[in-house]
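Analysis of the macromolecular model
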Amino acid sequence: MDFLQWSGKTPQPQEEEEAPDDGYLDQLLQGGTAPVHTPLGTPTPHSLLHSKTDPYHTRPLLAALGIGVFSLSFSGDGQCLAASGQDGEVRAYGMKSGALAYRFSTNLFQSPATVVRYRPDQRDRRNVAVVATASGHLQHWHVPTQRCLTKTVEQDNVIYAADFNAEGTTLATAGSDLAVRVYDEHKHTLTHTYKTNDAWEGHSARICAVKWHPKDPNVLLTGGWDRTIRMWDVRQPNTVRQWFGPYLCGQGLDVMGNTVVTGSCRLTQHLQFWELGSGTETKSVDVPVAGCEVWACQFIDLDTISVVGSKGVALLINHTTDTILKALPGQSSYYACATHSKHHAFGAADGNIAVLQQTG
């Protein structure tokens, strides 16, 4: 059962000021035509040029599964790449061989495995990944033994996003019920639930992205359909900062230092860069592929990001020089990207997983 069949929703076109209907994300996962969303009162986006050099080697495809890859995550040592997808299974591939190393199913209710995230390794707890599903199940797995360690259910929620803080001590999740949840990883208990009917204090539509600050274990960013990015501090009871603009339908959110990047599922202003401290937009960039929409983006370093989206968009971009460093060929939509050191992975709607290895 695919995502659209599971939800039983049918999307409808909408105007810019209207809230997204419940089937829009499902339609995008099917590769359908999305409504056009153009931000109001925003600066002219930068154009991108192609680099004249190519310091990346494209490794053979790790898989051609025939089912959508919704999420990718490297293990802490970079030796394995885990992929979750439409069939509710998680597959982990050895990076040296490219072969399937481990496989397990979370498919309790025939629902997609929407997120997989390796937890940052700790002294006595290594190779653990969390898997979230469209039925609201949250599971911890020891990947080498394919053993489920814990199970939690978020009732009446489709979990679209999950992320560990850099220390691996806390986990945040978010999804269709508009709540941001924070879990203690040592006690496996829920410590915070951020949800409110006040649009000034919480999200008013699906939350599709969560990201902890890599240097501050207390600071968390979220974004989704309500076109707001919210900053949370687990020491505070409410949002500590918010800003309007990005329209996120996947993990189109990352932060490094004092810079936030967002990737929007619309036909212009695909990438925007923001100052974390003030929420001020510093730059926007259009991906030069007609009709594309961005699903996910991730910092590789302060200058470089990976970007995936519809119309075969799978790119490495130097946003400082407005240069495309590498573009993968293909027509299928890409939903997920992940990076570890010099390896950069891309997961597609047709089940293909490609890896770029930096040679320079």
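Another point: the confidence of the model for the protein. Predicted confidence across the protein gives a mean pLDDT of 85, with 82% of residues reaching 70 or more. Ignoring residues within four places in sequence, the model shows residues 1–25, a span with pLDDT below 50, making 65 contacts including any to other chains. This stretch, residues 27–41, has a pLDDT under 50; its non-local contacts, to residues over four places away or in other chains, come to 38 contacts.

Across the sheet, which stays open at both edges, the four strands sit in the order β7-β8-β9-β10 with antiparallel pairing between neighbours. Pairing within the sheet leaves two strands with one partner each, and these edge strands are β7 (113–118) and β10 (147–153). This sheet shows a mean twist of 20° between the axes of neighbouring strands, independent of strand direction. Bridging between strand β8 (residues 128–133) and strand β9 (residues 137–142) involves five bridges; their strand directions are antiparallel. In the sheet register, Val131 faces β9, and the bridge partner there is Gln139.

To continue, consider unusual backbone geometry. Of note in the backbone geometry, Asp156 takes a positive phi value of approximately 55° without being a glycine. Along the chain, the position of Asp156 falls in the loop between β10 and β11 (159–164). You can call Asp156 exposed: its relative accessible area is 74%. The phi dihedral of Asp322 falls on the positive side, at around 55°, and the residue is not glycine. Residue placement: Asp322 occurs in the loop between β25 (314–318) and β26 (323–327).

So, how was this worked out
- Residues numbered from 1 in each chain as written.
- Predicted model: local features only at pLDDT ≥ 70, side-chain atom pairs only at ≥ 80, totals over all residues.
- Heavy atoms only, no water.
- pLDDT = per-residue confidence, 0-100.
- Contact = heavy atoms within 4.5 Å.
- Pairing = 2+ DSSP bridges.
- Helix = DSSP H or I, 4+ residues; strand = E, 2+ residues; numbered from the N terminus.
- Axes fitted to C-alpha atoms, helices over the stretch in contact; angles between N-to-C directions.
- Buried < 20%, exposed > 50% of the residue type's maximum accessible area, 1.4 Å probe, protein only.

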